[in-house]
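Observations on the model geometry
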Amino acid sequence: MEQEIKNKSIDEIREDDHGKWVHDGSLDHKGQVPLRASTGVWKASFFIIVLIILCHYLLLLGCTVAIEFSERLSYFGIATNLISYLTGVMHQNTKAAAKNVNNWSGVTTMMPLVGGFLADSYTGRFSMILIASILYLMGLGLLTMTQIIPSLKPCGTDLGTQTRKVHNVVFFLAIYLLSLGTGGHKPCLESFGADQFDDDRMEERKQKMSYFNWWNFALCCGLLLGVTLIAYAEDYASWGVASLILTVTMAITIMIFYFGKGFYRYRVPEGSPLTPMSQVLVAAIRKRNMSHPSSPALLYEVPKSEKSKGRLLCHTNSLRFLDKAAIIEGSENILSRKQPNPWKLATVTQVEEMKLVINLIPIWLTSLTFGLCMAQAPTFFVKQSSIMNRKIGQNFEFPPASIGTISASGMIITVILYDKILVPLLRGATGNERGIEILHRIGIGMALAVCGMAIAALVERKRLGVVEREIVRGQRTETLSVSAFWLAPQLIVLGIADGFTLVGLQEFFYEQVPDSIRSLGIAFYLSVIGLGNLLSSYLITIVDHITTSAGNTWFGKDLDESHLDNFYWLLAVLNGLNLFIYVVIARRFKYKNVQRSVSKAGSSVGDGIGSMA
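Model, not experiment: these values are computed from the prediction.

Rules used throughout
- What you see as residue numbers is a count from 1 along each chain, following the sequence as written.
- Confidence filtering applies because this is a predicted model: local features only for residues at pLDDT of at least 70, side-chain atom pairs given and counted only at 80 or more, and all residues used for totals across whole chains, interfaces and linings.
- As a rule here, side-chain values come from all non-hydrogen atoms in the structure, and water together with hydrogens is ignored.
- By definition, no residue in a patch forms a salt bridge, and every one has over 30% relative accessible area; like charges are joined within 9 Å, nonpolar side chains (Val, Leu, Ile, Met, Phe, Trp, Tyr) within 5 Å.
- Every accessible area reported is derived by Shrake-Rupley at a probe size of 1.4 Å, with residue values counting cover from the shown protein chains alone.
- Salt bridges are counted wherever a side-chain nitrogen of Lys or Arg sits within 4 Å of a carboxyl oxygen of Asp or Glu.
- By definition, any uninterrupted DSSP run of H or I lasting at least four residues is a helix, any uninterrupted run of E lasting at least two residues is a strand, and each is numbered from the N terminus.
- Relative accessible area decides the class of each residue, using a 1.4 Å probe on protein chains only: under 20% of the type maximum gives buried, over 50% gives exposed, and in between gives partly exposed.
- Under the pairing criterion, centres of Phe, Tyr and Trp rings, with the six-membered ring standing for Trp, must be within 6.5 Å; the plane angle then separates stacked pairs below 30 degrees from edge-to-face pairs above 60, leaving the rest tilted.
- Interaxial angles span 0 to 180 degrees and are taken between N-to-C directions of axes, which are lines fitted to C-alpha atoms, for helices over the stretch in contact.
- What sets the label is the angle itself: under 35 degrees gives roughly parallel, over 145 gives roughly antiparallel, 65 to 115 gives roughly perpendicular, and the rest give oblique.
- Contacts between residues were defined by any pair of non-hydrogen atoms, one from each residue, lying within 4.5 Å.
- Nonpolar residues are Ala, Val, Leu, Ile, Met, Phe, Trp, Tyr, Cys and Pro. Charged residues are Asp, Glu, Lys and Arg, and all others, Gly as well, are polar.

**Some details on a nonpolar patch on the surface**
Together, Met 145, Ile 148, Ile 149, Leu 244, Val 248, Ile 252, Met 255, Tyr 258 and Phe 259 line one region of the surface with nonpolar side chains, adding up to about 810 Å² of accessible area. Among the elements of the structure, α7 (125-148) and α10 (239-259) are those that each provide at least two residues to the nonpolar patch. Element by element, the count of residues in the nonpolar patch is highest for α10, at six residues. As for its position among the elements, Leu 244 is in helix α10.

Structure, rendered in structure tokens:
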């Protein structure tokens, strides 16, 4: 053995050491450099994926309350049962209930910006996940109490049409407590799972690309359980029993996640990300009158050997004004051991991280209209289903919320085919690790969303025609003869769109932000959908005001007196125009370019992804 070691070169020994230990800034649960063989990758992700499946079984559609929104179907599964509860139990009209759902959804998916910031800066992702999970458990406990304790139930023994005020207070307190929990749970859990894969090892880097697909596969599995078993129990059995089951399930998920702590790789929080960004901006302004050096190699950067954590980024030519922050002035002695003043001199990596954040803003803005489309599934799509024929056979009638299984199935099939068939084929054809660029994937889903809303408008037009024929003229008061499965085409198309755009957005905002703020990156993705829900609520208000003034409102008290088809056409047009702007911006986008060392694992120097062409 000693002779074999002597015969090895220094580089081979270093390579063996690099293969044995993870040198990407991660630590194990003891605070030491992780051993590659016993930590991370799928063995660690298993605990997280199981947590997701159980958590979504628990939250997605389980009792109108919940909050795990990683992707549109899972989140809208929750919102689906929420609108059913608000209209069926709390007796709110459709317009008010839809606005409440959108407002709650928006707050729920904007809170991760706060939780992601705190996790990246101070607490770390693992601790934040545990804190947020406990908040979930508290919220679910309150919801269970509103269904079991007599004085907190929606109505008294008279079963009147007005819910008790105490129930309203406790109910909304509970669901917004869950929103608070989401602020720490959602952005950290997904990014924590992705942290288990080392970007500097090609095989683990490819596994990470599959991780985002299977993460969403797990979400949809949870959704299918929620919209079938839990939704059926809530609509046809007891909301109280369903809530109790969900509370117990959440407690189990916390234990499963905690027991895997020995297998995880952890990232140490590095303080507020606003500080280095502010330093870059201040340093660039201080040196605004200085000329750029003849070569980017003359800009200041710490040697990679001195970079204790994180990775170095390659210089890019975009936003060159910020490069001035890394210009070395004559008075700055970088050869001395004394660290330069960070408010006067920034590294190239810090400058490039600032550029990354700025370049993400246009992509974030052009993704918002996709959220508008997704906001319709848990609100108006479900209400349409509730007044259509939902019978299967002679005796069985599925709950309105279960219509979401169609969209979830579309996404599951898309994710499987994309990961197992399309990506391997496209890798061989394009030479790209991902098969196609992330922004290509997002754009395909956006185009499908336009088609989905157009189909929704045509289907609603047909439904209104049946209303005119069977109810207005025929004086029928029963459920329409038209089947709820007429909604299937639009749900399938939007489910496929989710498989492209939502999964792409998750990967994009995780990969393209600075390494130190990846929880915040997932929060940026969530805010796309969250703000989309809020915008949907505001758009409904604006359109309702305009159409009411014109004497023909699009949002009547009854869907049969409304014109949702016109609203769907409006969304299709808005998304079509936005898609054009997105393509223009995406073609000019420059991806993150990381300095990587050559290794037997197949990594390469400057292994960034080229711009979208």
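**Re the environment of Val 382**
Take Val 382: it is sitting in helix α14 (residues 377-386). On the basis of relative accessible area, Val 382 is assigned to the buried category, the value being 2%. For the pair Val 382 and Ala 401, spaced 19 residues apart in sequence, the C-alpha separation works out to 6.1 Å.

**Some points on the packing of aromatic side chains**
Taken as a whole, this structure holds 16 aromatic pairs when the rule is applied. The interplanar angle of 55° and the centroid separation of 6.0 Å between the aromatic rings of Phe 126 and Tyr 264 together place this pair among those described as tilted. Taken together, the residues Phe 126 in helix α7 and Tyr 264 in the loop between α10 and β2 (266-267) connect sequence positions 138 residues apart. Pairing Phe 192 with Tyr 264 gives two aromatic rings, centres 5.0 Å apart and planes at 75°, and the pair type is edge-to-face.

**Quick notes on the packing of helix α11 (residues 274-286) against helix α12 (residues 348-366)**
Where α11 meets α12, the closest approach of the two axes is 9 Å, and the angle between their N-to-C directions is 105°. In terms of their interaxial angle, α11 and α12 are classed as roughly perpendicular. Listed contacts from α12 to Pro 276, Met 277, Gln 279, Val 280 and Leu 281 of α11 are Gln 350, Val 351, Met 354 and Val 357. Taken together, the residues of the contact of α11 with α12 sort by class into seven nonpolar, two polar and no charged.

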